[in-house]
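Each chain is listed here by its residues.
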Amino acid sequence: MARSVIFIIAIFLAYCAFSCIAQQQPCATYKFLNNKHFSSCSDLPVLSSSLHWNYHPLSNRVDVAFRHTGVTDRRWIAWAINPTSGGMIGSQAIVSFQRMDGSLAVYTSPITSYGTRLEQGNLSFPVSDLSATNQNNEMIIYASLELHGNISTVNHLWQAGPMFENTPMMHSVGPSSPNVKSMGSLDFLSGRFKATRSSSTTLKNVHGILNTVSWGILMPIGAVIARYLKRFESADPLWFYLHVSCQVLAYILGGLSGFGTGIYLGTRSPGMEHSCHKIIGIVLFCLATAQVFGGLVRPDKDSKYRPFFNWFHFLAGCSTLILGIFNIYKGFEMLHAANFWRLAYSGIILTLLLVTLLLEICTRWCLPITKRSMPNTTDKNTSTVIAVATVGV
């Protein structure tokens, strides 16, 4: 019995080992159908892709084959080198896709903006022997590149995305999408590959977190506290300062930091426009600025202008609250955020709405009943005192 168990465990471990080897080096055993042979290859970490190449140090030329597997629908694929940076802008791409008539397009495309449609154009270095294949659920791009300078290490990117008729469309840009992780540095001489992450992706996440915490959480909490102060007619300075702290902190995080990162992202993303999100962000910043600095010139309670200020404060606060929550969901949609984050944020908002509803119930029904019962109790006590006094007389 013990030997059988040991034998089964050994088979299982051997299977796991061979599976790991197969997953780590599938490109090394791949055979090209056109009898092409490449001495080096690298399995890219995302998008089911691999890169094969022959590097010629003397001429600084490299013959490459970019392979994308698991193709079950009509899509475009691209492989690019960026001579100037590690990001998308400035990359020199080779693109291929299947046209509506079934023919295969393959061409070069320099990337100059995030809103590119992968238009055809010349690259900053010579490209020859350009071809592509699409068969057996995989697409392959072949090309020969003449690199500038005596360098073997390059920044490279690879992508895949949907098609609309004969036009390549935008790929996924969600923070958890593999499309934002498809970049790295590659040494053609040693074969060493190092994955990198776009700095703009990290900045987008920071921008989203700042605005979600400020406009989406702190601002509604401040509104709930303000409703408490109004309904209960509380003069407790602790709640007042807590309300002011929430609003000021929300303005610092969202109005200054969040708005600033949004402006910076806009300048770094030419060609990528999110007009609705941007306009709402500008309106939010203006309303929040008016709210914060308007509190410094608030009229006295006896001033004839105080009612106008109160109405402005109320309307500006409601507008900021509604637009802020709407823009948070708009940001989730733009970043293709996972459903977990939408549900978690929705849970926070629903909790705050429930607290507000309970406050309304308490102040509209519970407190009036308590106040109505207090005069009756006072009258009874007064009558008792008078009766006692009369008996005494």
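Conventions used here
- Residues numbered from 1 in each chain as written.
- Predicted model: local features only at pLDDT ≥ 70, side-chain atom pairs only at ≥ 80, totals over all residues.
- Heavy atoms only, no water.
- Salt bridge = Lys/Arg side-chain N within 4 Å of Asp/Glu carboxyl O.
- Helix = DSSP H or I, 4+ residues; strand = E, 2+ residues; numbered from the N terminus.
- Buried < 20%, exposed > 50% of the residue type's maximum accessible area, 1.4 Å probe, protein only.
- Core = buried A, V, L, I, M, F, W, Y, C linked by side-chain atoms within 4.5 Å.
- Contact = heavy atoms within 4.5 Å.
- pLDDT = per-residue confidence, 0-100.
- Pairing = 2+ DSSP bridges.
- Axes fitted to C-alpha atoms, helices over the stretch in contact; angles between N-to-C directions.
- Patch = residues over 30% accessible without salt bridge, like charges linked within 9 Å, V, L, I, M, F, W, Y side chains within 5 Å.
- Areas by Shrake-Rupley, 256 points an atom, 1.4 Å probe, with all protein chains shown as cover.

Student: Please explain the pattern of salt bridges as it appears in this structure.
Tutor: Once their charged atoms are close, side chains differing in charge can pair, the charge on each being opposite to the other. Tallied over the full model, the rule gives three salt bridges. For R61, the salt bridge goes to D63, with nearest N and O atoms at 3.4 Å. A salt bridge links E138 to R67, with the nearest nitrogen and oxygen atoms 3.4 Å apart. Highlighted residues: E138 in strand β8 (residues 138–146) and R67 in strand β3 (residues 61–69), separated in sequence by 71 residues. Across this residue pair, the class does not change: E138 and R67 are buried.

Student: How do you make sense of the nonpolar core when you look at a structure like this?
Tutor: The nonpolar side chains of a soluble globular protein tend to be buried with one another. Among the nonpolar cores identified, the biggest contains 26 residues, and L51, W53, V62, F66, W79, L145 and F188 are the most heavily contacted of them. Put simply, the parts of the chain that give this core at least two residues each are β2 (49–56), β3, β4 (75–82), β8 and β9 (153–164). In terms of residue count, the dominant contributor to this core is β8 (four residues). Once residues within four sequence positions are removed from consideration, V62 is found in contact with W53, N54, Y55, A143, S144, L145, L147 and F188. In terms of nonpolar packing, the next biggest core, distinct from the first, is built from 13 residues, A93, A105, I111 and M163 among them.

Student: I'm lost on the confidence of the model for the protein chain in this one. Help?
Tutor: Caution is warranted with low-pLDDT regions, since their predicted coordinates should not be read in detail. Confidence in the prediction for the protein chain averages 78 pLDDT; 79% of positions are at 70 or higher. Note that residues 1–25 has pLDDT below 50 and, in this model, two contacts with residues that lie over four places away or in other chains. This model gives residues 377–393 a pLDDT under 50, and the stretch forms zero contacts once residues within four places in sequence are excluded.

Student: For this particular structure, what's the right way to read the sheet that holds β2?
Tutor: Hydrogen bonds between backbone atoms are what pair the strands of a sheet, whose relative direction is either parallel or antiparallel. The strand order β1-β2-β3-β8-β7 describes an open sheet built from five strands, whose pairing is antiparallel. With one partner strand each, in any of the chains shown, β1 (40–43) and β7 (127–135) form the two edges of the open sheet. Strand-to-strand twist in this sheet, taken as the mean axis angle between neighbours without regard to direction, amounts to 15°. Two elements, β1 and β2, share four bridges in a ladder whose sense is antiparallel. Of the residues in β2, the one forming a bridge with S40 is W53.

Student: I keep staring at a nonpolar patch on the surface and nothing clicks. Help me out?
Tutor: On the surface, a nonpolar cluster with roughly 590 Å² of combined accessible area is contributed by F240, Y241, V244, V248, L249, I252 and L256. Following the sequence through the fold, L249 ends up in helix α3 (residues 237–268).

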